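Listed below are the residues making up each chain.
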Amino acid sequence: MPVETKGTGRREDGLFLPDLCTPSAVLAVVLIAELVALVLALAAHPGNTAFWDSLARISLFLLWCALLSAALLCVLRPRLAALEAGRASAAAMAVVLAVVAAVSVGAWWMGRWWEGLPPLLASPAVQGLSGFVLTNVIIAAIVTGLTLRYFWVADQWRRNVQAEARARIDALQARIRPHFLFNSMNTIAALTRAEPRLAEEAVEDLADLFRASLADAGTMLSLKEELELCRVYQRIEQHRLGDRLSVDWQISELPMRARVPALSLQPLMENAIYHGVEPSTGGGTVSVEGRYDPEAGTIHLTVENPLPAGRPPGQREGNRMALENLRQRFALAWGEQAGVSASAEGDRYRVTLHFPATEEAP
């Protein structure tokens, strides 16, 4: 089933054309048609009394052409999506030209009933039906061809940007995993002789984490699953740090069915422990606080950790890497609707995520 990408007005069905079934696309079609009508009316009747009559006629003609074409392309979208780009372009062009020709014939006959041929897209000197229709079809072919070319180039650019972003994300994840693996294996090795049962549990927890870590960068999990992965990571680190580590969970208000990119929170928990709790002499507390804004439909998640004395926040390479990873993944999933921010306040370091509370993957 085709999935609509938020904020783009198009469906992920492989077709380069925007989704003309959406209200925002229909509004754009109407506005563009009216803008073209205004330009043509100004060019034909600059500053005289016939301007408003000309604007009304041209607007009526262009709106019929534009909205009928958009409706047909909306209905035919599944068939167009099954074609290669060249054939889909030719088919879309044929649909638009057929609509323009049909509307032109209707407009010509309506003009015969009124004051003669209305000065729509054709020159007023052209009085014959064939000349009027042919002129409009030629103009429509030029405009449609340029528009289809623009949509194709924009689609290719978008695909290249997404491919590059995913490649960067995969590279960042690949660099994070060895550090995480080495820490976990050292913890398990320390438990093997002293606490075999705990070592077995740690191995099972590690397997669960790596199953999520090795997933595709675009994998989405429910917030409940993501928080459980954080708790699994906490258990592994608790074996190593003991009473030096405590975690304060304040997440009861969150909608647990909301979707997030896999391993969005676990790297923050890892950084909070590795950069904040572990270097501190007496350990410390990591706070995980979640807030849901039902009016805006957004989730705010904050992970906060202590700052070791004499060490500037966020300067280690791994910390910057994890934050950059999250920023790119959130931008790829939600665009400007989501974000990642980090700041130091007193002796605490805080990272906050905000993203839409949707139960379907974006």
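Residues numbered from 1 in each chain as written. Predicted model: local features only at pLDDT ≥ 70, side-chain atom pairs only at ≥ 80, totals over all residues. Heavy atoms only, no water.

Some thoughts on the overall build of the protein chain
Moving on, step 1. The number of helices and strands found in the protein chain is nine helices and nine strands.
Moving on, step 2. Residues counted as buried form 43% of the 362 residues belonging to the protein chain.
Moving on, step 3. Sequence separation of at least 24 residues holds for 69% of the intrachain contacts in the protein chain that already meet a minimum separation of 6.
Moving on, step 4. Of the roughly 19100 Å² of accessible surface on the protein chain, a fraction of 61% belongs to carbon and sulfur atoms. (Helix = DSSP H or I, 4+ residues; strand = E, 2+ residues; numbered from the N terminus. Buried < 20%, exposed > 50% of the residue type's maximum accessible area, 1.4 Å probe, protein only. Contact = heavy atoms within 4.5 Å. Areas by Shrake-Rupley, 256 points an atom, 1.4 Å probe, with all protein chains shown as cover.)

Considerations on the pattern of salt bridges
Moving on, step 1. As enumerated under the stated definition, the model contains eight salt bridges in all.
Moving on, step 2. Between Asp 155 and Arg 159 there is a salt bridge; the shortest N-O distance is 2.7 Å. Linking Asp 155 with Arg 159, this pair stays in helix H5 (residues 129-194), spanning four residues, or about one helical turn.
Moving on, step 3. On the basis of relative accessibility, which here comes to 4%, the residue Asp 155 falls in the buried class.
Moving on, step 4. Using a relative accessible area of 32% as the deciding quantity, one classes Arg 159 as partly exposed. (Salt bridge = Lys/Arg side-chain N within 4 Å of Asp/Glu carboxyl O.)

Overview of the packing of aromatic side chains
Moving on, step 1. Applying the stated criterion to the full structure yields four aromatic pairs.
Moving on, step 2. With 5.7 Å between their ring centres and 85° between their planes, Phe 330 and Phe 355 make a pair best called edge-to-face. On the criterion of sequence distance, the pair formed by Phe 330 in helix H9 (residues 317-334) and Phe 355 in strand S9 (residues 348-356) is long-range, its members being 25 residues apart. Each member of the pair Phe 330 and Phe 355 is classed as buried.
Moving on, step 3. Pairing Trp 334 with Phe 355 gives two aromatic rings, centres 5.4 Å apart and planes at 15°, and the pair type is stacked. Here Trp 334, found in helix H9, pairs with Phe 355, found in strand S9; they are 21 residues apart in sequence, far enough to count as distant. This pair shows no difference in class: Trp 334 is buried, exactly as Phe 355 is. (Phe/Tyr/Trp six-rings, centres within 6.5 Å; stacked < 30°, edge-to-face > 60°.)

Some thoughts on the sheet that holds strand S8 (residues 339-345)
Moving on, step 1. Read from one edge to the other, the open sheet built from five strands follows the order S4-S6-S7-S9-S8, with strand pairing classed as mixed. The sheet terminates laterally at strand S4 (245-250) and S8, the two strands that pair on one side only. Geometrically, the sheet is characterised by an average inter-axis angle of 15° between neighbouring strands, direction not taken into account. (Pairing = 2+ DSSP bridges. Axes fitted to C-alpha atoms, helices over the stretch in contact; angles between N-to-C directions.)

Quick word on the packing of helix H1 (residues 23-44) against helix H2 (residues 51-75)
Moving on, step 1. Put simply, H1 and H2 touch, their axes get as near as 8 Å, and they point 145° apart. With respect to the hand of their crossing, H1 and H2 are arranged in right-handed fashion. Judged by residue contacts, Val 26, Val 29, Val 30, Ala 33, Glu 34, Val 36, Ala 37, Leu 38, Leu 40, Ala 41 and Leu 42 of H1 engage Phe 51, Ser 54, Leu 55, Ile 58, Ser 59, Leu 62, Leu 63, Ala 66, Leu 67 and Ala 70 from H2.
Moving on, step 2. Taken together, the residues of the contact of H1 with H2 sort by class into 18 nonpolar, two polar and one charged. (Left-handed = near helix turned anticlockwise from the far one by under 90°. Nonpolar A, V, L, I, M, F, W, Y, C, P; charged D, E, K, R; others polar.)

Interpretation note: all reported values are geometric properties and have no functional meaning in isolation.
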